Structures are given as C-alpha cells and as structure tokens.
Amino acid sequence: VPELPEVELVRRSLLPIRGRRIEEVEVLLPSVLSSPFEDIKRAKGRKVKDIERRGKQIFLILEEGILTLHLGMTGETILGERAEVKHVAVRVRFDDGKYLNFIDQRRFGAFGYADSVRGFVATHHLGPDILIMHKDDLVSHLRRSRRPVKSILLDQSVTAGIGNLYADEALFQARLHPLRTGASLKEEEAARLWRMARKVIRRSLADQTDFDLLPASYLLPVREGRGPCPRCHGELQALVVGGRTSVFCPNCQVASE
Ligand SMILES: [Zn+2]
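## Details of unusual backbone geometry
(1) Moving on: Of note in this structure, His 87 is not a glycine but carries a positive phi near 60°.
(2) Moving on: Locating His 87 in the fold gives a position in the loop between strand E5 (76-80) and strand E6 (88-94).
(3) Moving on: Not every positive phi belongs to a glycine, and Gln 208 is a case in point at roughly 55°.
(4) Moving on: As for its placement among the helices and strands, Gln 208 is situated in the loop between helix H7 (187-206) and helix H8 (220-223).

See the structure below:
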C-alpha cells in the first residue's frame, strides 16, 4: 500500500506534465470517481500549473480548480506516449499527445475534482503533511490523546502521509511500544517520535523506497519475514492495533516507563 514516500515518487514522476494543457479526460472505471463526472469535465482545456502532494493525496493544480488523485491500495500512474489499456480507471490526454494513465486494478483509488487544495483539505479533514508538520503540533496532538500512539500516527486528520509500515518503523526507531497512549508520552518521547517519523520517511525517499537499501538498523527490511530484531536480535512480535498489524520488539520498545 503506497505511503508518503511512494506517493511522493509518483508526484515527481508526474512533473513533466507541468505546463501541458488537458485535451481530454476519459473515465473508464466510474467507481473510482470521487466527484461527479460533470465536475471532472471542467478540467478539459485547462493547463496544469503544478503537481502537489499532501500526505498520500496528489493534486494536479490547474489554471482554475484541481484534479485529485489517491492511489488507494495498488493504484499506479503511467505517463507516456500511448494510451494503456489494462485496468485503466482514468486516462488524461494532454496537448503534446502524451497520456496520464491512472491504473487501478483493485479499485480502491480515487480521482476527483475540487475548487482548491484548501477546500479539499478542509472537506476531507486532512492534517498537515508529516514532512512539513511543526514538532509542537504533533507533540501536543499526541500528548492530549488517550488513544494508542500507533492509532494517532495513522490518523490522517492528525498528520497526513504515515501508513502502517512507516508508523511501525517510526515507533521502532523511537523505541516506543505501539500501545503506549499518547497521553503517557513524555514531551521528549513525543518529540522523538516526530523526529523519527520524518527521518524514516526521508530515508526511504532517498533510497527510492527500496527497503533493501535501508540501514541494517531498520525494521522495514525484516518485518515481513519476522526476522530477529535489528537492534537486540530478539524475537519480533505482532499485535493488532486499530485493525492493522503492528510489528515491534517487546524488548526494545518498552510498554511504559
Ligand atoms: Zn529489540
């Protein structure tokens, strides 16, 4: 499932369409539309000014209005000279003859239109992107919540972009148990979590999200196979928090002080 780093790589791959004018928007899988097709058609004839991202959400900023894209579970984009045919949900043609193909095999993605990023963010209760969020904002969110820290990190209205894998990595690097409540964190622990969440995301981005390139001190390369803890070489454990599987080291990630 794409999280912030994977989505950021997609955003960067779309930068060549800046300055291009949209000639046609074809919707082949109407179930992915998050806005009425009447609205999406308004993008026709407009120029793409920029590609922005907030959390896992991509925005095509048009001369007027925006197109919104969420990859869902397995969505991907192919930018190229030809119209792809398999599992294409939405196909956008530009004035240079190129196509943006939004492929969504499992149909959990979303494609829509909004008047502005600000409006979209308000309607969807999207918190600040973790990479631009101020430390004090996350620290205060964490420390006034009685929910498990893992759940708070996954709550896109608190901070946008962190999914299950990077939440576990951030907690591992910060040496915090996923079931610790936000309110139980000391100020220093909450600040450490903010720092580690950003660090692991930046590091993954630098490695083009290839987990095999991550340092040996990271959980991500071994969590799938439940390898030994990279730090103490003890056995990793898994538990379900908020419906998602959390992998952690019971030895390194203390449940409470
Ligand atoms: Zn350990």
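The discussion continues.
## Observations regarding the environment of Pro 30
(1) Moving on: With respect to the helices and strands, the residue Pro 30 is situated in the loop between strand E1 (22-27) and helix H2 (37-40).
(2) Moving on: Separated by 196 residues in the primary sequence, Pro 30 and Arg 226 place their C-alpha atoms 39 Å from one another.

## A look at the nonpolar core
(1) Moving on: Within the largest apolar cluster, 33 residues are counted, with the highest numbers of intra-cluster contacts made by Leu 142, Ile 162, Leu 193 and Ile 201.
(2) Moving on: Looking at this core, the elements that each hand over two or more residues are helix H4 (135-143), helix H5 (149-154), helix H6 (164-174) and H7.
(3) Moving on: The leading source of residues in this core is H7, at 9 residues.
(4) Moving on: Ignoring sequence-local partners within four residues, the contact set of Leu 142 consists of Val 149, Ile 152, Gly 182, Ala 183, Leu 185, Ala 190 and Leu 193.
(5) Moving on: Of all hydrophobic cores here, the second largest spans 27 residues; its members include Val 10, Ile 22, Ile 51 and Leu 60.

## Examining the pairing of strand E7 (residues 99-103)
(1) Moving on: The buried fraction of E7 amounts to 5 of the 5 residues, a majority that puts the element mostly inside the structure.
(2) Moving on: Across the two faces of E7 the burial is the same, with Tyr 99, Asn 101 and Ile 103 and Leu 100 and Phe 102 all buried.
(3) Moving on: Inspection of the sheet shows E5 paired to E7 by 5 bridges, in the antiparallel sense. Looking at the pairing, Glu 76 lines up with Ile 103 of E7.
(4) Moving on: Hairpin connection between E6 and E7: a loop of 4 residues separates the two successive antiparallel strands, and Gly 97 in this loop has a positive phi of roughly 85°.

The rules behind the values
- Within each chain, residue numbers correspond to sequence positions counted from 1 in written order.
- Two thresholds apply to this predicted model, a pLDDT of at least 70 for residue-level local features and 80 or more for giving and counting side-chain atom pairs, whereas whole-chain, interface and lining totals are computed over all residues.
- Excluding hydrogens and water, the side-chain figures rest on all heavy atoms present in the structure.
- Only runs of H or I of at least four residues qualify as helices and only runs of E of at least two qualify as strands under DSSP, and these elements are numbered from the N terminus.
- Here, nonpolar core refers to any group of buried Ala, Val, Leu, Ile, Met, Phe, Trp, Tyr and Cys residues whose side-chain atoms link them within 4.5 Å.
- Type-normalised accessible area, obtained with a 1.4 Å probe on protein chains alone, sets the label of each residue: buried when under 20%, exposed when over 50%, and partly exposed for intermediate values.
- Whether two residues touch is decided by their heavy atoms; if any such pair falls within 4.5 Å, the residues are in contact.
- Pairs of strands are assigned from DSSP output, requiring at least two bridges between the strands.

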